[in-house]
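For reference, the chains in residue letters:
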Amino acid sequence: MLIQMAISRSREYQADASGAGFAGHPTGLASALKKLGTYTKKLPMDASPQTAHMFIVNPLSAEA
């Protein structure tokens, strides 16, 4: 499980680097990711544990 988590994290970093390269402005991508993280903590999302994996961010992490 630890190896699987490490591979997943590595792929996540590669995706972020690719996205920043594609966008041409890494601070814009970082800002967008920060906004997504902030909003998920404020807004409740209508999601179940069965569909949570289809969201960009964890919809179950909102603080009610």
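See the structure above.
Since this is a predicted model, take the numbers as computed values, not measurements.

> So what exactly am I meant to see when it comes to the overall build of the protein here?
Check the secondary structure of the protein and you find two helices and zero strands. Taken across its 64 residues, the protein has 9% of its residues classed as buried.

> It is not clear to me how a nonpolar patch on the surface should be interpreted in this structure. Could you clarify?
On the surface, Leu33, Leu36 and Ile56 cluster together into a nonpolar patch covering about 290 Å² of accessible area. Inspection of the secondary structure assignment puts Ile56 in the segment after helix H2 (26-42). Classification of Ile56 as exposed rests on a relative accessible area of 75%.

> Just checking my understanding: could you explain helix H1 (residues 2-23) for this structure?
Every α-helical turn comprises 3.6 residues, leaving residues that sit three or four positions apart pointing alike. With 22 residues, H1 ought to run about 32 Å at 1.5 Å a step, and its terminal C-alpha atoms sit 32 Å apart, in line with that. Remark: Gly24 follows H1 within two positions and exhibits a positive phi of approximately 80°.

> Even after reading the chapter, I still don't get the environment of Gly37, so can you show me in this structure?
Among the structural elements, Gly37 can be located in helix H2. The spatial distance from the C-alpha of Gly37 to the C-alpha of Ile56 is 9.8 Å, given a sequence separation of 19 residues.

Parameters and conventions
- Residues numbered from 1 in each chain as written.
- Predicted model: local features only at pLDDT ≥ 70, side-chain atom pairs only at ≥ 80, totals over all residues.
- Heavy atoms only, no water.
- Helix = DSSP H or I, 4+ residues; strand = E, 2+ residues; numbered from the N terminus.
- Buried < 20%, exposed > 50% of the residue type's maximum accessible area, 1.4 Å probe, protein only.
- Patch = residues over 30% accessible without salt bridge, like charges linked within 9 Å, V, L, I, M, F, W, Y side chains within 5 Å.
- Areas by Shrake-Rupley, 256 points an atom, 1.4 Å probe, with all protein chains shown as cover.
- Salt bridge = Lys/Arg side-chain N within 4 Å of Asp/Glu carboxyl O.
- Expected span 1.5 Å × (residues − 1).

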